[in-house]
Amino acid sequence: MIFYYQLQTVTITYIPRSLYPGAVGGTVTPGSETVSGTVTGSAAVPDKNYRFAGWYFDSQCVYPVPEEWVTDTYKITPGELYYGDEGEQQPYYNNIYYALFEPVTADLVITKVISTGTDQTDGSEAGFASVADDTFIFSVIGTPGTAGANIDLTVTLRGAGSVTVKDLPLGEYTVTELTDWSWRYDAEGGSVKAAVVTDSSDGNAAAEAVFVNKPNGSKWLGGETSRENLFSGKSN
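Residues numbered from 1 in each chain as written. Predicted model: local features only at pLDDT ≥ 70, side-chain atom pairs only at ≥ 80, totals over all residues. Heavy atoms only, no water.

Enquirer: Sorry if this is basic, but what is going on with the overall build of the protein chain here?
Expert: The helix and strand tally for the protein chain stands at zero helices and 17 strands. Here the protein chain holds 236 residues, and 36% of them are scored as buried. Long-range pairs, those at least 24 residues apart, make up 66% of the contacts in the protein chain with a sequence separation of at least 6. Surface summary for the protein chain: the accessible area is close to 13900 Å², and the carbon and sulfur share equals 50%. (Helix = DSSP H or I, 4+ residues; strand = E, 2+ residues; numbered from the N terminus. Buried < 20%, exposed > 50% of the residue type's maximum accessible area, 1.4 Å probe, protein only. Contact = heavy atoms within 4.5 Å. Areas by Shrake-Rupley, 256 points an atom, 1.4 Å probe, with all protein chains shown as cover.)

Pasting the structure below:
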């Protein structure tokens with residue numbers, strides 16, 4: 001008796017994936033292959049301002065493939081999996097694999113400067129709160145069509161100085177001081193700034209949005225003025 005057999009021919013698909021809005025963030029080559037034996041695999045290449053974050057079995061990139069399937073150059077060569085108490089074999093056939101790309105991130109610094117005014121910048125006038133008691137509020141919004149498009153943050157800063165917003169995807173942001181809460185001050189140079197967050201790993205300084213305000217002397221308190229009231233426990 002003569003037996004004949006034919007290897008199964010299947011198609012394996014490789015898909016670039018990003019969980020951020022905007023660009024996918026990279027490419028895979030090839031995007032698919034039809035095999036009946038040896039698998040060639042596919043190489044992932046991140047775009048500028050993106051990094052490769054792994055190969056996965058699922059589109060949400062929750063379940064990574066075995067580490068031994070992926071090389072240091074981000075190439076995947078699917079193998080076989082074993083599962084169950086009896087070590088049943090699950091071949092790579094008919095699988096789809098996802099290469100995850102994530103945006104490179106960097107920091108944004110928001111700085112508040114109080115220019116010389118006519119009054120209470122240091123709280124020296126009786127009855128007026130000092131700058132240190134005032135909280136300034138800012139919104140940070142990403143640009144549509146970029147990796148940071150879903151960024152919509154509210155940032156607070158108490159007194160003059162700086163606050164750092166960490167790990168923003170690279171790109172352009174609109175930073176706006178919400179002046180409805182700081183009526184004791186007049187904005188100099190506008191209350192809306194454009195800030196471009198760039199990769200700081202090569203020594204570039206962090207992006208910075210600087211807001212300059214001048215006390216107008218018209219109010220005792222601002223919308224977010226606060227002061228720590230310490231109780232000594234002693235009574236007269």
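Enquirer: Just to check I follow, could you spell out the sheet that holds strand 11 (residues 135-142) for this structure?
Expert: What links the strands of a sheet is backbone hydrogen bonding, and the strands pair in either a parallel or an antiparallel sense. With antiparallel pairing, four strands are arranged side by side in an open sheet as 12-11-14-16. Since the sheet does not close on itself, it has two edges, and those belong to strand 12 (152-158) and strand 16 (192-197), each with one partner. The mean angle between the axes of side-by-side strands here comes to 25°, regardless of whether they run parallel or antiparallel. With six bridges connecting them, strand 14 (residues 171-177) and strand 16 associate as antiparallel partners. Paired with threonine 176 across the bridge in strand 16 is valine 192. (Pairing = 2+ DSSP bridges. Axes fitted to C-alpha atoms, helices over the stretch in contact; angles between N-to-C directions.)

Enquirer: What should I look at first to understand the packing of aromatic side chains in this one?
Expert: Each aromatic ring pair is summarised here by two numbers: the centre-to-centre distance and the angle between the ring planes. Tallied over the full model, the rule gives ten aromatic pairs. On the basis of an interplanar angle of 80° and a centroid distance of 6.0 Å, the ring pair of tryptophan 69 and tyrosine 97 is categorised as edge-to-face. Separated by 28 residues along the polypeptide, tryptophan 69 in the loop between strand 5 (50-56) and strand 6 (75-76) and tyrosine 97 in strand 9 (residues 96-103) bring together distant segments of the chain. Taken individually, tryptophan 69 and tyrosine 97 each receive the classification buried, so the pair is uniform in this respect. (Phe/Tyr/Trp six-rings, centres within 6.5 Å; stacked < 30°, edge-to-face > 60°.)

Enquirer: Mind showing me how you'd approach the nonpolar core here?
Expert: Formed by 22 residues in total, the largest nonpolar core has its most connected members in Leu108, Ile110, Phe138, Val140, Leu168, Val175 and Val197. Elements represented by at least two residues in this core include exactly strand 10 (105-114), strand 11, strand 12, strand 13 (161-169), strand 14, strand 16 and strand 17 (207-215). It is strand 10 that provides the largest number of residues to this core, a total of four residues. Each residue touching valine 140, except ones within four places of it in the same chain, is listed here: Leu108, Ile110, Ile151, Asp152, Leu153, Val155, Leu168, Tyr173, Thr174 and Val175. Grouped together as the second largest cluster of nonpolar side chains are 17 residues, Ile12, Val39, Ala99 and Phe101 included. (Core = buried A, V, L, I, M, F, W, Y, C linked by side-chain atoms within 4.5 Å.)

Enquirer: Please clarify how the pattern of salt bridges should be interpreted in this entry.
Expert: When the charged atoms of two side chains with opposite charge come close together, those side chains can pair. The final tally for this structure, using the stated rule, is three salt bridges. Glutamate 102 is paired through a salt bridge with arginine 51; the nearest N and O atoms lie 2.5 Å apart. Residue glutamate 102 is located in strand 9, and its partner arginine 51 is located in strand 5; the two are separated by 51 residues in the primary sequence. Using a relative accessible area of 44% as the deciding quantity, one classes arginine 51 as partly exposed. (Salt bridge = Lys/Arg side-chain N within 4 Å of Asp/Glu carboxyl O.)

Enquirer: Teacher, can you tell me more about the side chain of aspartate 58 here?
Expert: Among the secondary structure elements, aspartate 58 is positioned in the loop between strand 5 and strand 6. One buried charged residue, aspartate 58, forms no salt bridge at all, with the nearest opposite charge on arginine 17 at 8.1 Å. Separated by 2.8 Å, the side chain of aspartate 58 and the backbone nitrogen of tyrosine 63 make a polar contact. (Lys, Arg positive; Asp, Glu negative; His and termini not counted. Polar contact = N/O pair within 3.5 Å; in protein donor to acceptor, adjacent residues only side chain to side chain.)

Enquirer: I would appreciate a short explanation of unusual backbone geometry in the present structure.
Expert: Across the chain, the bulk of peptide bonds are trans and the bulk of non-glycine residues have phi less than zero. For the bond from threonine 29 to proline 30, the omega torsion is -5°, close enough to zero to count as cis. Inspection of the secondary structure assignment puts proline 30 in the loop between strand 2 (26-29) and strand 3 (32-35). Phi at cysteine 61 is positive, roughly 55°, even though this residue is not glycine. Relative to the helices and strands, cysteine 61 resides in the loop between strand 5 and strand 6. Residue cysteine 61 is classed as buried on the basis of its relative accessible area of 10%. Its identity is not glycine, yet tyrosine 74 carries a phi of approximately 70°, on the positive side. Among the secondary structure elements, tyrosine 74 is positioned in the loop between strand 5 and strand 6.

Distances and angles like these do not, on their own, reveal function.
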